[in-house]
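Now for the letters of each chain:
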Amino acid sequence: MRNGHLAKASVASLLGLAFLLSGCQPMTTASDVVPVTPAAPESTTLRVAAYNVSLYADSKDAVRQRLAGGKDLAAQRVAAVIQRQRPDLLLLNEFDYDAEGRLADVFANEYLGVGQFGEAAIRYPYRYFAPVNTGEPSGMDLNGDGRIGGPGRLHGEDAFGFGLHPGQYGMVVFSKYPIDTAGVRSFQTLPWAQLPNARRPKNPSTGAWWHNDAVWPRLRLSSKSHWDVPVLTPLGTVHFLVSHPTPPVFDGPENRNGLRNADELTLWRHYLDGGDAPWLCDDQGRCGGLPADAAFVLAGDLNNDPMDGDGERQAVRDLIAHSRMAASEPPESEGAVAAVARYPRQNPPRQGRAAWATGDFGPQRGTLRLDFVLPSRAFQVIDRGVFWPAPGQKGAEWIDASDHHLVWLDLKAAVRQP
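A.B. asks: Explanation requested: empty space enclosed by the protein in the structure shown.
C.D. replies: Empty space left among the atoms is revealed by rolling a probe the size of a water molecule over them. Under the counting rule described, the total for this entry stands at two cavities of 30 Å³ or more. Space inside the largest cavity adds up to approximately 90 Å³. Lining the largest cavity are K60, D61, A62, V63, R64, D96, Y97, D98, L103 and H165. If one sorts the elements of the lining of the largest cavity by residue count, helix α1 (residues 62-67) sits on top with three residues. Here the lining of the largest cavity is composed, by residue class, of four nonpolar, one polar and five charged.

Printed below as a string of structure tokens:
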């Protein structure tokens, strides 16, 4: 495995599985966990959530140093939101990665493990934390300025994913249930050029490829990474498909970030198509898509609103409409409706429903639906929401810790048709 981490846990028993997980050690050997898919009790529910928490910094280890001691107000507020919603399975985006897992330890122990603002502490015995492409030097001129690397932003734009140090804007999975570490698949290094019908950017002023033939085959598709994290839940093995595609902005008329965002979403569609797919090989050397009988939940800050914003919107629409996805109304919040009222002249005007937004991005872009939790047809959605209280409601003072808000679904096993 590629340096993923598991949180410290004692001997645990769940679904007839017993095993010992060591504290935050690199996952360099196969796990002893044997994945099973037991019959799910009809009354069992699983709460799954995704939250972009903005716990990143421009220098390595700065977030951990800031959070040390448990007194950081923004992290306390993030923890309070999680404690209020109490998901069983949780993805955090924009959470800086470090190889030792120290930031994840600090956040789990000094924030989630301590009651915040009257909420009860919450503990996650299992964790997956692994490298991402942000800040990883590519050794190539990716922004077209004729230079490779350099200080500050110039280095970030020539990294495999924009970032000022390796691991910036990373992600982590927290789980109340065991993770089948041997079954994890990551697609951090998959070349963009291998994606069928890849959207290769062009320089519109010259008609030439933005990335020349020497660079294009070496580019990675994922701006952070794409992970399939199998979790052994009371509803059976759930493949938690998580990612954080690049924002479709911060580029030029070549739209290289917008096209990359769309293809990062398209990668998931191919993965859900299943089959042999010999081009679709993970970092562990295993090829092919997700098996047709696998239950999954796809989650993350996808940086693409199906109705509004700057993204190639058809890409996220096609993902949501995939035949393996469960039909479900988007989560809503009262806070999103209240936020839209602050931008009566949003230009262009919003097309999507105000209540569906998951973040407030200021007067330039307004509110957008960028954060998703999308379950497979193996599940029935019994409740949903976005933690975005309206002004004056409980927790409204917590949400300024991030410009995104926690999205959650309550799931139970779908009734199988005879």
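A.B. asks: Can you help me understand the layout of surface pockets in this one?
C.D. replies: Approximately 980 Å³ is the volume attributed to the largest pocket. What lines the largest pocket is a set of 43 residues, and nearest its centre among them are T246, P247, V249, F250 and N303. If you list the elements that add at least two residues to the lining of the largest pocket, you get β3 (46-55), α4 (153-157) and α5 (256-273).

A.B. asks: Help me understand the packing of α5 against helix α6 (residues 313-320), please; the structure alone is not making it clear to me.
C.D. replies: If you want to describe how two helices pack, look at the angle between their axes and the distance between the axes. Remark: α5 packs on α6, axes separated minimally by 9 Å, with the N-to-C direction vectors making an angle of 20°. The angle between α5 and α6 places the two elements in the roughly parallel class. The handedness of the crossing between α5 and α6 is left-handed. Listed contacts from α6 to A262, L265, W268, R269 and L272 of α5 are A315, V316, D318 and L319. Per-class residue counts for the contact of α5 with α6 are seven nonpolar, no polar and two charged.

A.B. asks: Help me out: how do you make sense of the pairing of strand β9 (residues 236-243) in this one?
C.D. replies: Remark: a regular strand shows side chains that alternate across the two faces of the sheet. Of all eight residues in β9, eight are buried; the element is thus mostly enclosed. Sheet topology note: the strand β8 (residues 226-233)/β9 ladder contains eight bridges and is antiparallel. By the bridge assignment, W227 is partnered in β9 with V242. As consecutive antiparallel partners, β8 and β9 are separated by two residues.

What counts and how
- Residues numbered from 1 in each chain as written.
- Predicted model: local features only at pLDDT ≥ 70, side-chain atom pairs only at ≥ 80, totals over all residues.
- Heavy atoms only, no water.
- 1 Å grid on protein atoms, 1.4 Å probe; cavity = no way out; pocket = protein on both sides within 12 Å on 5 of 7 lines; lining within 4 Å.
- Points joined across faces, edges and corners; volume = space filled by probe spheres on them.
- Helix = DSSP H or I, 4+ residues; strand = E, 2+ residues; numbered from the N terminus.
- Nonpolar A, V, L, I, M, F, W, Y, C, P; charged D, E, K, R; others polar.
- Axes fitted to C-alpha atoms, helices over the stretch in contact; angles between N-to-C directions.
- Parallel < 35°, antiparallel > 145°, perpendicular 65-115°, else oblique.
- Left-handed = near helix turned anticlockwise from the far one by under 90°.
- Contact = heavy atoms within 4.5 Å.
- Buried < 20%, exposed > 50% of the residue type's maximum accessible area, 1.4 Å probe, protein only.
- Pairing = 2+ DSSP bridges.

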